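Analysis of the macromolecular model
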Amino acid sequence: MDDVTPTNGANGQQQGEPGEQGATAGADLSVKGTGRQPVPSGEVPGGRALPKTGKSEQTRALILETAMRLFKERGYDKTTMRAIASEAGVSVGNAYYYFESKEFLIQGFYDQMTYQHAADARARMAGRTDFAERLEIALISWIDCAAEYHEFASQFFRTAADPTSSLSPFSNESHPARATAVELFREVLTGSDIAAKLDAELADLLPDLLWLDLMIVVLYWVFDRTPDTGRTREFVRRSTPMTARVINLSRYRVFRPIVRDAKGLIQDFILPTIGRTARP
């Protein structure tokens, strides 16, 4: 645990940079030079402050980038909020203004990674229509985007894997970043050669299921210690054609009863475990 607690103002809110308290949910969260797209209003995971000025956007990005660097250099457990603030050149109070605790940097990392991954995967998929190829590209793109963080990923996983934690990728608080990832997998499907042939109800569920497929890959990747996470990459290359074949077969009438049963199981037991709304 850090030895520093946030400084509270008279209204119970944490104090931030001058002129930045009371930042509203209507903030434009695009960050220059990061390649990130604006985050929908009021849907900022991983911090208390909703930046509304160019300076506050840059400060939040600087804190997160500094934290990621220190996590790589020192390890997650040995990096404190005080050290992050010092390296970023901000007060400890400002660091807590943007992130409730060190653990909430995981949410900021998840948010950042999601946008980087979506942009990279879209660029790689351009002009390709084969579904299996598009799916493999999207999964390998995530591995490439996350590669530099692999050494301390297991430390992140300890917190993110807690089913009661708001930092879990399945939580309501993670909804904005998860929604971006699910939309990417919707594009994987709709831009493919099988999109028009699928059962409409199943097609509507598939983006969520493909995101769950990514979560399986992420779990495998976290524990993979082969050079350049080669086993994870091979797992994706070998499993993706199988996934594509199963999805492709679902469009045939003879498999419709099985598809309906599978759809019921998914709706009743899988989707309810995923947070469907953003944090208020």
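From a predicted model like this one, the values you see are computed outputs, not experimental measurements.

What counts and what doesn't
Residues numbered from 1 in each chain as written. Predicted model: local features only at pLDDT ≥ 70, side-chain atom pairs only at ≥ 80, totals over all residues. Heavy atoms only, no water. Helix = DSSP H or I, 4+ residues; strand = E, 2+ residues; numbered from the N terminus. Buried < 20%, exposed > 50% of the residue type's maximum accessible area, 1.4 Å probe, protein only. Contact = heavy atoms within 4.5 Å. Areas by Shrake-Rupley, 256 points an atom, 1.4 Å probe, with all protein chains shown as cover. Core = buried A, V, L, I, M, F, W, Y, C linked by side-chain atoms within 4.5 Å. Salt bridge = Lys/Arg side-chain N within 4 Å of Asp/Glu carboxyl O. Phe/Tyr/Trp six-rings, centres within 6.5 Å; stacked < 30°, edge-to-face > 60°. Lys NZ or Arg CZ within 6 Å of the ring centre and 35° of its normal. Patch = residues over 30% accessible without salt bridge, like charges linked within 9 Å, V, L, I, M, F, W, Y side chains within 5 Å. Axes fitted to C-alpha atoms, helices over the stretch in contact; angles between N-to-C directions. Parallel < 35°, antiparallel > 145°, perpendicular 65-115°, else oblique. Left-handed = near helix turned anticlockwise from the far one by under 90°. Nonpolar A, V, L, I, M, F, W, Y, C, P; charged D, E, K, R; others polar.

1. Concerning the overall build of the chain
- If you tally the helices and strands in the chain, you get 10 helices and zero strands.
- For the chain, the succession of helices and strands along the chain, N to C, is α-α-α-α-α-α-α-α-α-α.
- The 280 residues of the chain split such that 50% are buried.
- Of all intrachain contacts in the chain linking residues separated by at least 6 positions in sequence, the fraction that spans at least 24 positions is 72%.
- Accessible surface computed for the chain: about 13700 Å², of which carbon and sulfur atoms make up 54%.

2. Concerning the nonpolar core
- Residues Met68, Phe71, Leu105, Phe131, Phe185 and Trp211 are the most contacted members of the largest nonpolar core, which totals 69 residues.
- In contact with phenylalanine 71, other than residues within four places in its own chain, are Tyr76, Thr79, Ile84, Lys102, Leu105, Phe152 and Phe156.

3. Here we look at the pattern of salt bridges
- Going through the model one piece at a time under the given rule, you end up with 12 salt bridges.
- Put simply, glutamate 187 and arginine 122 hold a salt bridge, and the shortest N to O gap is 2.7 Å. In this pair, glutamate 187 is assigned in helix H7 (residues 175-190) and arginine 122 in helix H4 (residues 104-125), connecting sequence segments 65 residues apart.
- Take arginine 122: its relative accessible area is 33%, and that puts it in the partly exposed class.
- A salt bridge links aspartate 228 to arginine 233, with the shortest nitrogen-to-oxygen separation between them at 3.5 Å.

4. As for the packing of aromatic side chains
- Applying the stated criterion across every chain yields a total of eight aromatic pairs.
- Measuring from centroid to centroid gives 6.0 Å for tyrosine 149 and phenylalanine 152, while their planes differ by 75°, and the two rings are edge-to-face.
- For tyrosine 149, a relative accessible area of 8% puts it in the buried group.
- Judged by centre distance (5.2 Å) and plane angle (70°), the ring pair of phenylalanine 170 and tryptophan 211 falls under edge-to-face. Of this pair, phenylalanine 170 sits in the loop between helix H6 (153-160) and H7 while tryptophan 211 sits in helix H8 (residues 200-223), and the two are 41 residues apart along the sequence.
- Judged by its relative accessible area of 30%, phenylalanine 170 is partly exposed.
- Through a chain of ring-to-ring contacts, three or more aromatic side chains come together here, namely Phe71, Tyr76, Phe109, Tyr149 and Phe152.
- Directly above the ring of tyrosine 76 sits lysine 102, whose terminal nitrogen or CZ lies 4.4 Å from the centroid.
- For the cation-ring pair, arginine 178 lies above tryptophan 211, with the distance from its terminal atom to the ring centre recorded as 5.8 Å.

5. Some points on a nonpolar patch on the surface
- On the surface, a cluster of nonpolar side chains totalling about 480 Å² of accessible area is made up of Leu249, Tyr252, Val254, Phe255 and Ile258.
- Looking at the secondary structure, you find tyrosine 252 in the loop between helix H9 (230-249) and helix H10 (256-270).

6. Re the packing of H8 against H9
- At a minimum axis distance of 10 Å, the contact between H8 and H9 shows a crossing angle of 160°. Of the possible angle classes, the one that applies to H8 and H9 is roughly antiparallel. Here H8 runs over H9; the crossing is right-handed. Packed against H8, whose contacting residues are Leu206, Leu210, Asp213, Ile216, Val217, Tyr220 and Trp221, the element H9 presents Arg231, Thr232, Phe235, Val236, Thr243 and Ile247 at the interface.
- By residue class, the composition of the contact of H8 with H9 is nine nonpolar, two polar and two charged.

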